[in-house]
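If you want the building blocks of each chain, they are given just below.
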Amino acid sequence: MYGTRFFSSRIQDMLALFDDLVVGAELSVREAIQRKLEDRSLDVGLLTDPIKDSDFCNELIGHFDLSLVGSRAEFDAKVEDYVLVDWGITFQKEHALHHKVTPNFKTSAAMIALEVLQTKGGFAYLPYPLVQALIENGELFEIETPLQIKRPIYLVYRKNNPQEQLITEFKALFSKLQ
């Protein structure tokens, strides 16, 4: 997920801020992040869809734009090398309305999708900041589509979390991104 790129740009800041804690970063689907938040093995998560449960706080910390890009300039419903990136439930619904293409590969990681496009060719919705330079130098093509999406990023945590100070510091760190 692009959230990792969004997040990784702050890793050095996090390591400095939380030098007395173990900081980890991993890619996971929303359900797995929610389970870890519920069992308290994770204090904070970054998600593109909020968790709709009264036990959680979802704070909008930023947005990113998705663009359909490809290794070729021509895209239609018959392409056989479409990579579907899981950008959350809202994206899946919007995608189903606009595209009848069958993916040949699915992932929840933008970097994996980009690697597939660069090595095997194909098409995927990827964050524009991730692919902008590749579009500008002609390695990838931006495809016209009615589905140009601005996706939110939420900082999610359990209410009444005993790590209140940690969460406050995370909020301050990520508020600099807007």
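One can find the structure itself at the top, above this paragraph.
For the structure given in this document, a descriptive report is provided here. All residue numbers here refer to positions counted from 1 along the written sequence of the relevant chain. Given that this is a predicted model, residues contribute local features only at a pLDDT of at least 70 and side-chain atom pairs are listed and counted only at 80 or more, while totals for whole chains, interfaces and linings are drawn from all residues. Only heavy atoms go into the side-chain values, all of them from the structure, while hydrogens and water stay out.

**Thoughts on the nonpolar core**
Next, step 1: Note on terminology: a nonpolar core comprises buried Ala, Val, Leu, Ile, Met, Phe, Trp, Tyr and Cys residues joined through side-chain atoms within 4.5 Å. Residue exposure (1.4 Å probe, protein chains only): buried if accessible area is under 20% of the type maximum, exposed if over 50%, otherwise partly exposed. By size, the foremost hydrophobic cluster in this structure holds 39 residues, and its most contacted members are Trp87, Tyr125, Leu126, Val131, Leu140 and Phe174.
Next, step 2: Put simply, DSSP H or I for four residues or longer makes a helix, DSSP E for two residues or longer makes a strand, and each gets a number counted from the N terminus. Where this core is concerned, the elements lending two or more residues are β2 (56-70), β3 (83-85), α5 (110-120), β5 (123-127), α6 (128-136), β7 (149-158) and α7 (164-175).
Next, step 3: One finds Ile33, Leu37, Ile51 and Phe56 within the second-largest nonpolar core, a separate group that totals 7 residues.

**Side note on the pattern of salt bridges**
Next, step 1: In the sections that follow, a salt bridge refers to a side-chain nitrogen of Lys or Arg positioned within 4 Å of a carboxyl oxygen of Asp or Glu. Under the criterion given, the structure shown has 4 salt bridges.
Next, step 2: Here Glu59 and Lys171 are joined by a salt bridge, their closest N and O atoms 3.0 Å apart. Of this pair, Glu59 sits in strand β2 while Lys171 sits in helix α7, placing them 112 residues apart in sequence.
Next, step 3: Put simply, Lys150 and Asp65 hold a salt bridge, and the shortest N to O gap is 3.3 Å. One end of the pair, Lys150, is in strand β7; the other, Asp65, is in strand β2, and 85 residues separate them in sequence.

**Considering the pairing of β7**
Here is the key point about a regular strand: its side chains alternate between the two faces of the sheet.
Next, step 1: Taken across its 10 residues, β7 has 9 buried, putting it largely inside the fold.
Next, step 2: Here strand β1 (residues 45-47) runs beside β7; their pairing, made up of 3 bridges, is antiparallel. Paired with Leu46 across the bridge in β7 is Leu155.
Next, step 3: With 10 bridges connecting them, β2 and β7 associate as antiparallel partners. The residue of β7 that forms the bridge with Asp65 is Lys150. By the convention used here, strands pair only if DSSP detects at least 2 bridges between them.

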